[in-house]
Amino acid sequence: VLGLDADAIARKLKDEDVRDFPNMYRVLLQAYAAKHGRRGWGDKTHLDYNFVEWLLDSYRDARIVCVIRDPRATVASLLRAPWSSGKAFYYALQWRETMSIVNGFEDKDRVLIIQYEDAVSSIDETLARICAFIGVSTDDAMLKRSEDPSPVTSDNSWSLGNWWQQHKEKALGPVSTESIDRWKEELSPYEIAIIEHLCSDGMRAWGYVSTTDALAPGQLVRLTWERTMRVLRGLLRARRGRPRSIFSPRA
């Protein structure tokens, strides 16, 4: 997918006597950056927030940009993913857990926290802020995503092949605000209510306004039932020796 020569990478790893994962990954991404004439490289993996301390220790010159997004929009997006659990409360809990971790990032000088809504609404200002943080000059070409040299895989033989190709092509399109309030059309009243209920503290902290006052009795009963079934399925899975999927939030 990256268009690199595996044998060349293997030789470089051997020549540099690389024996640990951080440096193996560094060599791989440096080769990819060099192929496209770039001096830096980056990674966007949604579970990285669990390993910020490790990443900062492993890559001493690293800068981490953490993007916060409205939990309702976040959950709506995850519900569309091919691996989705189909349950909004799973992802609301994941957002809440993420926020509890992110709160510890604010005093780290190598971590920048921005909000998604600012990034797409105030593009120039946010881009300038990020560039200043990572130590590079702003360039108009940064927003010309259609000219991005990153390959879009055409290998559809793996389970997420078609979805990934469509996702990458969309990501290379122009920056847009169209998805900020899309959750209002995609989520049911029940889903909105439980997200706002479970994520209320984080929403207040980041300025996201709730549209509901509290869960109705029937909604509370349904949420309790869904969370109970989630725990029971987890126990059954553990008894059968089935590993937890990396895409499954903690319940």
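Preceding block: the structure.
Residues numbered from 1 in each chain as written. Predicted model: local features only at pLDDT ≥ 70, side-chain atom pairs only at ≥ 80, totals over all residues. Heavy atoms only, no water.

## Quick word on the overall build of the protein
Here's step 1: Regarding its fold elements, the protein presents 12 helices and two strands.
Here's step 2: Going residue by residue from the N terminus, the α and β elements of the protein occur as α-α-α-β-α-α-β-α-α-α-α-α-α-α.
Here's step 3: Per-residue burial over the protein gives 33% buried out of 251 residues.
Here's step 4: Excluding contacts between residues fewer than 6 apart, the proportion of contacts in the protein whose partners are at least 24 apart in sequence is 64%. (Helix = DSSP H or I, 4+ residues; strand = E, 2+ residues; numbered from the N terminus. Buried < 20%, exposed > 50% of the residue type's maximum accessible area, 1.4 Å probe, protein only. Contact = heavy atoms within 4.5 Å.)

## Considerations on the pattern of salt bridges
Here's step 1: Going through the model one piece at a time under the given rule, you end up with 11 salt bridges.
Here's step 2: Across the pair Asp17 and Arg19 runs a salt bridge whose closest N-O atoms are separated by 2.9 Å.
Here's step 3: Glu226 is the partner of Lys87 in a salt bridge, and the nearest nitrogen-oxygen pair spans 3.6 Å. One end of the pair, Lys87, is in the loop between α4 (71-79) and α5 (88-102); the other, Glu226, is in helix α12 (residues 217-239), with 139 residues separating them in the sequence.
Here's step 4: You can call Glu226 buried: its relative accessible area is 9%.
Here's step 5: Connected through shared salt-bridge partners, Lys12, Glu16 and Arg26 make up one network. (Salt bridge = Lys/Arg side-chain N within 4 Å of Asp/Glu carboxyl O.)

## Brief notes about helix α2 (residues 21-35)
Here's step 1: Between the first and last C-alpha of α2 there are 21 Å, a value that for 15 residues agrees with the 21 Å anticipated at 1.5 Å per step.
Here's step 2: Of all the residues in α2, the buried ones are Pro22, Val27, Leu29, Tyr32 and Ala33.
Here's step 3: On its buried side, α2 packs onto α1 (6-15) and α3 (52-58).
Here's step 4: The residue sitting at the N-terminus of α2 and contributing the capping side-chain oxygen is Asp20; that oxygen lies 3.0 Å from the backbone nitrogen of Asn23. (Expected span 1.5 Å × (residues − 1). Polar contact = N/O pair within 3.5 Å; in protein donor to acceptor, adjacent residues only side chain to side chain.)

## Quick notes on the packing of α4 against helix α10 (residues 189-198)
Here's step 1: At a closest axis distance of 10 Å, the pairing of α4 and α10 adopts a crossing angle of 125°. It follows that α4 is oblique to α10 by the angle criterion. The handedness of the crossing between α4 and α10 comes out as right-handed. Residue-level inspection shows Pro71, Arg72, Val75 and Leu79 of α4 in contact with α10, the latter providing Glu191, Ile192, Ile195 and Glu196.
Here's step 2: Split into classes, the residues belonging to the contact of α4 with α10 amount to five nonpolar, no polar and three charged. (Axes fitted to C-alpha atoms, helices over the stretch in contact; angles between N-to-C directions. Parallel < 35°, antiparallel > 145°, perpendicular 65-115°, else oblique. Left-handed = near helix turned anticlockwise from the far one by under 90°. Nonpolar A, V, L, I, M, F, W, Y, C, P; charged D, E, K, R; others polar.)

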